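Fold and geometry: a report
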Amino acid sequence: MRLNVLVSGTASDSHTWNLVYLQLFLEAMGNRVVNLGPCVPPQLLAGRCLEHRPELIVLSSVNGHGYQDGLRAITRVRQEPELAGVPAVIGGMLGVAGERDAASAARLCEAGFDAVFDDGNLEAFERFLARLAGTPAIASHGRAES
């Protein structure tokens, strides 16, 4: 099973290379991707999710404000009953210190994200995708992972 994925930047993040990378990565795995681009406010994100009906929402931020932007975005998305159960993840450099912050990651999950990838672990993201799609993950070194 391949997924319909919506990729988006956060409201304050104007970076695009991370979004293009995610789109190419997801498409290479056979997923269909809608990329909203950078600087997407929460209201627009929720509206586009309602329009495209993704099976996964992926938010990415590299400007260091992803925790704050992510909280606002997922709060708005989860206000829509039709989007309440859609898996959503966030990743990138989410804090200005550039270090993993377990407490902030926990707050993001409490707010409605299913996973936080702020440690650069692409294999963990790939395993998450495989579980969601119901297929085994193939890591970059070619071995199947469970």
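In this text, all values refer to a predicted model and were calculated from it rather than measured experimentally. (Residues numbered from 1 in each chain as written. Predicted model: local features only at pLDDT ≥ 70, side-chain atom pairs only at ≥ 80, totals over all residues. Heavy atoms only, no water.)

With that settled, the discussion passes to the overall build of the chain. Helix and strand content of the chain: 5 helices and 7 strands. The order of helices and strands in the chain, counted from the N terminus, is β-α-β-α-β-α-β-α-β-α-β-β. Total accessible area computed for the chain in this model is approximately 7200 Å², and 55% of it derives from carbon and sulfur atoms. (Helix = DSSP H or I, 4+ residues; strand = E, 2+ residues; numbered from the N terminus. Areas by Shrake-Rupley, 256 points an atom, 1.4 Å probe, with all protein chains shown as cover.)

What the rule picks out here adds up to 4 aromatic pairs. For the ring pair Y21 and F25, a centre distance of 6.4 Å and an interplane angle of 10° mean the geometry is stacked. A residue pair is termed a helical-turn pair when its members lie 3 or 4 positions apart in one helix, as Y21 and F25 do in helix α1 (residues 17–28) at 4 residues. We classify Y21 as partly exposed; its relative accessible area is 45%. Judged by relative accessible area, which is 15%, F25 ranks as buried. On the basis of an interplanar angle of 65° and a centroid distance of 5.3 Å, the ring pair of F117 and F125 is categorised as edge-to-face. Residues F117 and F125 agree in their burial class; the two are buried. Ring pairing ties together the aromatic residues Y21, F25, F117, F125 and F128, which thus form one cluster. (Phe/Tyr/Trp six-rings, centres within 6.5 Å; stacked < 30°, edge-to-face > 60°. Buried < 20%, exposed > 50% of the residue type's maximum accessible area, 1.4 Å probe, protein only.)

Turning our eyes to something else, we now look at the sheet that holds strand β5 (residues 115–117). Taken in spatial order, the 5 strands make up an open sheet running β2-β1-β3-β4-β5, and their pairing is parallel. Both outer strands of the open sheet, β2 (32–35) and β5, are each paired with one neighbouring strand and no more. If you compare each strand with its neighbour and ignore which way they point, the axes differ by 20° on average. Note that strand β4 (residues 88–92) and β5 share 3 bridges and pair parallel. In the strand pairing of β5, G91 is matched with F117. (Pairing = 2+ DSSP bridges. Axes fitted to C-alpha atoms, helices over the stretch in contact; angles between N-to-C directions.)

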